[in-house]
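Examination of the molecular architecture
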Amino acid sequence: MKGKGRLRVQNRNVEEFDDSYLNKSHPKDFSYCERCHAIYHNKHWFFDENKLKEIEKSAQFSHTTCPACQKIKDHFPSGIVQLSGLFLRDHKEEIINLVMNEEERAKGINPLERIIEILPNREGIEVTTTHEKLAQRIGRRLEKSFSGKSNYQWMPEEKMARVSWCRD
């Protein structure tokens, strides 16, 4: 079917075996995270406030902690983004807003992609994320929006990405 109204299916490569925080014994269907209210259904996590209200009314739900909230609690990053350069000093607030907005976009696709924390360090700012793809997305968005140069290092055996962005 072409044109308007066409349903687009998006296939994603999810390698659960590489991430020890993804549930090996999946939660019960329609479980939801006590912290962020992400819902688990059909082996996927998603956000839906209306569905959450339905689930709570049905009394056939269970509470759990989603993998992203567990990583945040344990401070166990899968992505590290190092921001540096003279431009960062003058545009710190704008850059942090862009990083936060990128997290919101990412959560719309995969609710397990979150920022753990944003902290200043000697080089500038370090952003830690729960998912390596979010670190990559942040690096790409910074380059696209503010120019500068990003460097990406993937450690597949650790399911970790290190991204550095700099603009002087």
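Please read these numbers as outputs of a predicted model, since none were measured by experiment.

**A look at the overall build of the chain**
Counting its regular elements, the chain contains five helices and nine strands. Along the chain, from the amino end to the carboxyl end, the secondary structure elements read β-β-β-α-β-α-β-α-α-β-β-α-β-β. Residues classed as buried in the chain amount to 40% of the 168 residues present. Intrachain contacts of the chain at a sequence separation of at least 6 include 57% that bridge at least 24 residues. If you sum the accessible surface of the chain, you get close to 10,800 Å²; carbon and sulfur atoms cover 47% of it.

**A closer look at the packing of aromatic side chains**
For the coordinates displayed, the defined rule picks out three aromatic pairs. An angle of 50 degrees between the planes, with centres 5.5 Å apart, marks the rings of Phe-87 and Phe-146 as tilted. With a gap of 59 residues between them, Phe-87 in helix H3 (residues 86–90) and Phe-146 in helix H5 (residues 132–146) connect regions that are remote in the sequence. Residues Phe-87 and Trp-165 carry aromatic rings whose centres are separated by 6.5 Å and whose planes lie at 75 degrees to one another, so their mutual orientation is edge-to-face. Within this pair, whereas Phe-87 is found in helix H3, its partner Trp-165 is found in strand E9 (residues 160–166), the two being separated by 78 residues in sequence. Grouping residues by exposure puts Phe-87 and Trp-165 together as buried. Put simply, the rings of Phe-87, Phe-146 and Trp-165 touch in pairs and so form one group of aromatic residues.

Analysis parameters
- Residues numbered from 1 in each chain as written.
- Predicted model: local features only at pLDDT ≥ 70, side-chain atom pairs only at ≥ 80, totals over all residues.
- Heavy atoms only, no water.
- Helix = DSSP H or I, 4+ residues; strand = E, 2+ residues; numbered from the N terminus.
- Buried < 20%, exposed > 50% of the residue type's maximum accessible area, 1.4 Å probe, protein only.
- Contact = heavy atoms within 4.5 Å.
- Areas by Shrake-Rupley, 256 points an atom, 1.4 Å probe, with all protein chains shown as cover.
- Phe/Tyr/Trp six-rings, centres within 6.5 Å; stacked < 30°, edge-to-face > 60°.

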